[in-house]
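Chain residues, written in single-letter form:
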Amino acid sequence: MNRIRLILLTFGSIALLPFAIDGRGFGGRGSFGGGFSGGRSFGGFNNFGGDRGYGGGFGGDRSFSGGFGGDRGYGGGFGGDRSLGGSFDNFGRTGVGMGGVGRPGVGVGGVGRPGIGMGGVGRPGVGVGNEGLGRYGAYGSYGARGYHVQAWNHGYLADRGAVIRGNFYHWNCFTAGWWGRYPGAWVAPGWAAATAWSTATWSSLAAWCSIPEQPVYYDYGNTVTYQDNQVYVNGDDAGSAADYNQQAITLATQGAQATPTTSDQWKPLGVFALVQGTEENSDNLFQLAINKEGIIRGNYYNGLMDQTTPVNGSTDKKTQRVAWTIGKNMDRVFEVGLENLTKEQTPVLVHMGKDHTEQWILVRIKQEN
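These figures come from a predicted structure and were not determined experimentally.

A few words now on the overall build of the chain. When helices and strands are tallied, the chain shows five helices and 14 strands. Out of the 369 residues belonging to the chain, those deemed buried represent 53%. Long-range pairs, those at least 24 residues apart, make up 45% of the contacts in the chain between residues at least 6 apart in sequence. Looking at the chain as shown, the accessible area adds up to about 15400 Å², and 54% of this sits on carbon and sulfur atoms.

Here's what the structure looks like:
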């Protein structure tokens, strides 16, 4: 509180000066924050951002959205030097704070597409906000363009899954009352309310989709690698990274354009929490199902915003790759192997166009008894 009073008193004193600092308002030159940030403002309002502050409310030098952030504060609400995350925190990765670069946060900032809060350099939305899931909710913004895929061992994934499941609290989702609250949500004809939470085994999926081959587990960073803008699957060249990403986009597009009939039967794949980075809980859920042709349907639920959007995608039965989007927007395509969706937790690729890919985690959530 003393720091806040000092900042407010400082800017109160500055306001009495009869001249503008550096000729560009209070923010100095090159500021990307709006309001009092000075010239070249791209972002929000009432930001006392410093030189090249990218949207930070009261942000310091090169602040990329930090409320009261210090030098190069990358999003911390009231954060200090190089603050990367949540509210009132230097390196907090989560929190309903003020922005964040690559990590979740609701509030000021982000350098990307719409989310919640103020500031930012991206597209307009509710305020201007974070990258990550962009228009689908408040999620962290991603960093530099490129292909960020790394090897994760099963022990690491199991540990991450246990933490997410232990902190999960959206048990009211995909129940009889839930379906009634969201009339636009996708639902399979004839399903009982709890069917969406059911899991699938590989043997049942192979028989359901008529896939005779052995299962292919997509172990990103191990069996699927990005090297020098080429992708290798089990050591075989699968083409350029841009081509590989485009294949996922095309696969998801085919699913979005498919028109299953009301008589189609659907097999539940389960409910998964979507996890980015070192998050310890998740407000982002996928409920997925597949028909015998390999078409993917389901719902994405943003618990923070209490919003539901249908999911569309499809499966390449030959390669066993699965790709889907939230709604029909192709700026976020999620890719995983079909067998991966039988696991308790799995890495998942998030393609943000052809030239950017990140690796996140899907954690299976089983309904409480």
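For helix α4 (residues 202-209), the full list of buried residues reads W202, L205, A206, W208 and C209. Taken around the axis of α4, the buried residues stretch over an arc of 165°, which confines them to a single face. Exposed residues lying more than 90 degrees from the buried face of α4 are S203 and A207. Each element contacted by the buried residues of α4 is listed here: β7 (266-275) and β8 (284-291).

Turning to unusual backbone geometry, a few remarks are in order. Unlike most non-glycine residues, S210 shows phi in positive territory, near 55°. With respect to the helices and strands, S210 occurs in the loop between α4 and β4 (224-227). A relative accessible area of 58% places S210 in the exposed class. If you check the backbone angles, N234 has positive phi at about 55° while not being a glycine. Position of N234 among the secondary structure elements: in the loop between β5 (230-233) and β6 (236-240).

What follows covers the sheet that holds β4. Strand order in the open sheet made by the three strands is β4-β5-β6, with antiparallel pairing throughout. Each edge of the sheet is formed by a strand with only one pairing partner; in this case those strands are β4 and β6. Across the sheet, the mean angle from the axis of one strand to that of its neighbour is 25°, orientation sign disregarded.

Here W197 lies in the loop between α3 (176-181) and α4. Owing to a relative accessible area of 5%, W197 belongs among the buried residues under this scheme. Distance from W197 to Q287, taken between C-alpha atoms, is 7.7 Å for residues 90 residues apart in sequence. Non-local contacts of W197, meaning those with residues more than four positions away in its chain, are made with F168, H170, W171, C173, F174, G270, V271, I365, K366 and Q367. Only 3.2 Å separates the side chain of W197 from the backbone oxygen of C173, close enough to count as a polar contact.

What follows concerns the side chain of T357. For T357, the location among the structural elements is in strand β14 (residues 356-365). Exposure remark for T357: the relative accessible area of 0% places this residue in the buried category. Setting aside chain neighbours within four positions, we find T357 in contact with G146, Y147, H148, V149, Y226, N245, L349, V350 and H351.

Using the criterion set out here, one finds three salt bridges in the structure. As a salt-bridge pair, K343 and E339 come within 3.5 Å of each other at their nearest N and O atoms. On the basis of relative accessibility, which here comes to 11%, the residue E339 falls in the buried class. K366 serves as the salt-bridge partner of E344, at 3.5 Å between the closest nitrogen and oxygen. Taken together, the residues E344 in the loop between β12 (333-337) and β13 (345-351) and K366 in the segment after β14 connect sequence positions 22 residues apart.

Okay, the environment of A273 next. As for its position among the elements, A273 is in strand β7. Its relative accessible area of 0% is what places A273 among the buried residues. If near-sequence neighbours (up to four positions away) are discounted, A273 is found in contact with I164, S282, N284, L285, I361, L362, V363 and I365.

With that out of the way, let us pick up the nonpolar core. Counting 28 residues, the largest nonpolar core has F286, L288 and W324 as the members making the most contacts within it. Elements represented by at least two residues in this core include exactly α4, β7, β8, β9 (295-302), β11 (321-326), β12, β13 and β14. Top element by residues in this core is α4. It accounts for five residues. Beyond its immediate chain neighbours, meaning those up to four positions away, L288 contacts P268, L269, G270, F272, I296, R297, G298, V311, W324 and L341. Judged by nonpolar contacts, the second largest core, of 27 residues, contains L157, F174, A188 and Y217.

For the structure on display, the rule yields 19 aromatic pairs. With centroids separated by 6.1 Å and ring planes inclined at 25°, the aromatic side chains of W171 and W197 adopt a geometry described as stacked. Of the two residues, W171 is situated in the loop between α2 (154-166) and α3 and W197 in the loop between α3 and α4; the sequence distance between them amounts to 26 residues. Aromatic side chains Y226 and Y244 sit 6.1 Å apart centroid to centroid with 85° between the ring planes, which places their arrangement in the edge-to-face category. Here the residue Y226 occupies a position in strand β4, and Y244 occupies one in helix α5 (residues 241-257), the gap between them amounting to 18 residues. Residues Y226 and Y244 agree in their burial class; the two are buried. Aromatic rings pair up to connect F168, W171, F174, W178, W179, Y182, W197 and Y301 into one cluster. Of note, K267 hangs over the ring of W208, and the distance from its end group to the ring centre comes to 5.8 Å. Its end group placed over the ring of Y244, R321 keeps NZ or CZ at 3.8 Å from the ring centre.

The rules we used
- Residues numbered from 1 in each chain as written.
- Predicted model: local features only at pLDDT ≥ 70, side-chain atom pairs only at ≥ 80, totals over all residues.
- Heavy atoms only, no water.
- Helix = DSSP H or I, 4+ residues; strand = E, 2+ residues; numbered from the N terminus.
- Buried < 20%, exposed > 50% of the residue type's maximum accessible area, 1.4 Å probe, protein only.
- Contact = heavy atoms within 4.5 Å.
- Areas by Shrake-Rupley, 256 points an atom, 1.4 Å probe, with all protein chains shown as cover.
- Arc of directions from axis to C-beta.
- Pairing = 2+ DSSP bridges.
- Axes fitted to C-alpha atoms, helices over the stretch in contact; angles between N-to-C directions.
- Polar contact = N/O pair within 3.5 Å; in protein donor to acceptor, adjacent residues only side chain to side chain.
- Salt bridge = Lys/Arg side-chain N within 4 Å of Asp/Glu carboxyl O.
- Core = buried A, V, L, I, M, F, W, Y, C linked by side-chain atoms within 4.5 Å.
- Phe/Tyr/Trp six-rings, centres within 6.5 Å; stacked < 30°, edge-to-face > 60°.
- Lys NZ or Arg CZ within 6 Å of the ring centre and 35° of its normal.

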